[in-house]
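# A structural walkthrough
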Amino acid sequence: MKAKKRIAAGIVLCIGMQLLSACEKKQPDAASKLHVGVTYYDKSDTFLNELILCFGEKLEEMDHKKIEVSMTVRDAAYSQRTQDDQVKELMDAGCNILCVNLVDRADPSEIIDLGRENHVPIIFFNREPVAEDMLQWDGLYYVGALSEQSGVLQGQLAADAIQKNSHIDRNQDGKIQYVVLEGEPGHQDTIIRTENAVNTLKSKGIELEKLTYGIANWNRAQAQNRMTQMIRQYQNKIELVLANNDDMALGAIDAYKKSNVTESALPVFLGVDGTDIGLKAVADGKMYATVYNDKEGQAAAMAKLAFALIMKKGMKEIEFKNEKYIYLPYEKVTADNVDEFLKAGIKLQ
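Residues numbered from 1 in each chain as written. Predicted model: local features only at pLDDT ≥ 70, side-chain atom pairs only at ≥ 80, totals over all residues. Heavy atoms only, no water.

### Some thoughts on empty space enclosed by the protein
- This structure, assessed with the given rule, holds 2 cavities of 30 Å³ or more.
- In this structure, the largest cavity occupies an estimated 110 Å³ of space.
- Every element with two or more residues in the lining of the largest cavity is listed here: helix 3 (46–61) and helix 8 (188–203).
- Counted by class, the lining of the largest cavity contains 4 nonpolar, 4 polar and 5 charged residues.
- Quantified by volume, the second largest cavity comes out at close to 60 Å³.
- At the level of secondary structure, the elements contributing two or more residues to the lining of the second largest cavity comprise strand 5 (140–144) and helix 8. (1 Å grid on protein atoms, 1.4 Å probe; cavity = no way out; pocket = protein on both sides within 12 Å on 5 of 7 lines; lining within 4 Å. Points joined across faces, edges and corners; volume = space filled by probe spheres on them. Helix = DSSP H or I, 4+ residues; strand = E, 2+ residues; numbered from the N terminus. Nonpolar A, V, L, I, M, F, W, Y, C, P; charged D, E, K, R; others polar.)

### Some words on the pattern of salt bridges
- All told, the structure shown has 15 salt bridges when counted by the stated rule.
- Note that Arg81 is salt-bridged to Asp85, the shortest N-O span being 3.8 Å. Placement of both Arg81 and Asp85 in helix 4 (residues 80–92) is noted, with a separation of 4 residues, approximately one turn of the helix.
- We note a salt bridge from Lys295 to Asp276, for which the minimum N-O separation is 3.9 Å. Of this pair, Lys295 sits in helix 12 (residues 295–311) while Asp276 sits in helix 11 (residues 276–283), and the two are 19 residues apart along the sequence.
- According to the relative accessible area criterion, Lys295 is buried, its value standing at 6%.
- Among the charged side chains, a salt-bridge network with shared partners connects Glu50, Asp276, Lys295 and Glu296. (Salt bridge = Lys/Arg side-chain N within 4 Å of Asp/Glu carboxyl O. Buried < 20%, exposed > 50% of the residue type's maximum accessible area, 1.4 Å probe, protein only.)

### Quick look at the sheet that holds strand 1 (residues 33–40)
- Taken together, the 6 strands give an open sheet; going across it, the order is 2-1-3-4-5-11, and neighbouring strands pair in parallel fashion. The sheet is open, and its two borders are formed by strand 2 (68–75) and strand 11 (325–327), each paired with just one other strand. Each strand of the sheet is rotated relative to its neighbour by a mean of 20°, with strand direction disregarded.
- Here 8 bridges tie strand 1 to strand 2, and the two strands are oriented parallel to one another. Residue Thr39 lies in a different strand from strand 2, and its bridge partner there is Arg74.
- Each of strand 3 (97–100), strand 4 (122–125) and strand 5 is contacted by helix 5 (residues 109–118), which is oriented at about 150° to strand 4, the strand it contacts most.
- In the packing of helix 12 onto the sheet, the strands contacted are strand 1, strand 2, strand 3, strand 4, strand 5 and strand 11, and the crossing angle to strand 5 comes to about 160°. (Pairing = 2+ DSSP bridges. Axes fitted to C-alpha atoms, helices over the stretch in contact; angles between N-to-C directions. Contact = heavy atoms within 4.5 Å.)

### Details of the packing of aromatic side chains
- Using the criterion set out here, one finds 7 aromatic pairs in the structure.
- Ring geometry for Tyr325 versus Tyr327: centroids 5.8 Å apart, planes at 10°, classification stacked.
- Owing to a relative accessible area of 9%, Tyr325 belongs among the buried residues under this scheme.
- Of note, Arg127 hangs over the ring of Tyr41, and the distance from its end group to the ring centre comes to 3.6 Å.
- One residue, Lys324, lies across the ring of Tyr141, its end atom 6.0 Å from the ring centre. (Phe/Tyr/Trp six-rings, centres within 6.5 Å; stacked < 30°, edge-to-face > 60°. Lys NZ or Arg CZ within 6 Å of the ring centre and 35° of its normal.)

### A look at the side chain of Lys33
- The residue Lys33 is located in strand 1 in this model.
- Residue classification places Lys33 among the buried residues on the basis of a relative accessible area of 15%.
- There is a polar contact of 2.4 Å between the side chain of Lys33 and the side chain of Glu68. (Polar contact = N/O pair within 3.5 Å; in protein donor to acceptor, adjacent residues only side chain to side chain.)

### Things to note about the confidence of the model for the chain
- On average, residues of the chain score 90 in pLDDT, and 89% of them reach the 70 mark or higher.
- Ignoring residues within four places in sequence, the model shows residues 345–349, a span with pLDDT below 50, making 8 contacts including any to other chains. (pLDDT = per-residue confidence, 0-100.)

### With respect to the packing of helix 4 against helix 5
- Here helix 4 crosses helix 5 at 10°, and the two axes come no closer than 9 Å. When the interaxial angle is binned, helix 4 and helix 5 end up roughly parallel. Touching Gln80, Arg81, Gln83, Asp84, Val87, Lys88 and Met91 of helix 4 are Glu110, Ile111, Leu114, Gly115 and Asn118, all from helix 5.
- Taken together, the residues that form the contact of helix 4 with helix 5 break down as 4 nonpolar, 4 polar and 4 charged. (Parallel < 35°, antiparallel > 145°, perpendicular 65-115°, else oblique.)

### Section: the pairing of strand 6 (residues 176–182)
- Most of strand 6 sits out of view: 7 of its 7 residues are buried.
- Of the strand pairs in this sheet, strand 6 and strand 7 (residues 208–215) are connected by 7 bridges, and their pairing is parallel. Note that in strand 7 the partner of Val180 across the bridge is Tyr213.
- Direction of pairing for strand 6 relative to strand 8 (residues 240–243): parallel, over a ladder of 4 bridges.

Rendered as structure tokens:
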């Protein structure tokens with residue numbers, strides 16, 4: 001299983017070298033083949049790489065004795081124009097389902113127009129389009145999770161840590177000095193996760209003092225740079241680091257490691273996503289906790305929806321919100337339960 005995942009991961013990382021051979025062959029009846037085209041905003045995103053890998057595995061697991069399945073993945077490299085061109089390329093090549101992780105969630109119109117004109121359903125994932133855009137055509141769907149819940153759970157985890165460990169308030173001034181590492185500006189998860197994490201902490205009676213924040217665009221290296229600057233400015237005053245995702249939390253940990261800060265002066269680090277490396281950081285005690293973004297559940301929902309759309313059956317068995325949305329819940333991960341999430345194929349109920 002591990003060898004299979006390593007091979008598949010290598011395929012994902014070599015997206016730029018992939019050919020459209022699976023989609024280029026002349027297609028017979030559309031209902032006899034499922035050719036999935038996937039395009040996502042940037043291949044550096046750890047969570048999305050894991051989600052797409054899982055999606056491919058879920059497609060293989062589906063009962064497709066009567067249908068041939070293939071998947072082609074494209075990296076948009078942070079360019080909406082590139083992604084628009086990729087969607088056209090995939091459709092021209094014969095892909096009959098598109099799964100799109102938007103570069104710019106506020107600019108899906110060209111992609112929607114292409115789907116409607118070519119009668120190719122589109123499953124948006126992870127980056128939720130604006131509600132008005134989802135109403136443009138009945139062939140649009142979204143699979144993801146509710147950003148608000150991730151922020152609330154992260155805030156609850158932080159509050160639990162502070163209430164259980166009085167030493168987190170190192171200067172004993174009765175309030176927690178904190179910083180935030182945020183994803184890209186304008187992204188719904190950036191805004192909503194931050195607001196709800198902070199508001200939840202306050203609702204739990206935690207007095208806070210915000211020192212600063214840094215935009216790190218979900219990226220570990222950028223987060224390390226931002227955190228290094230914060231350490232230079234505030235030294236050992238930082239008691240809590242709230243990161244919008246695991247990669248940025250790990251970048252903050254990297255910064256402290258390179259700054260040779262003593263363990264007693266380390267703040268509490270919290271992330272979101274529950275990536276494999278994020279879970280390991282929790283298990284190793286480097287990160288206090290994370291919030292698990294159910295990639296297995298989302299991948300399974302995407303696969304089931306893709307099959308239902310092509311086979312023209314099974315849609316009634318899918319639980320939608322407002323007929324277009326499928327949301328999977330987040331879960332808290334701490335040292336107490338992280339081993340259960342690390343077990344391959346096992347997820348807490």
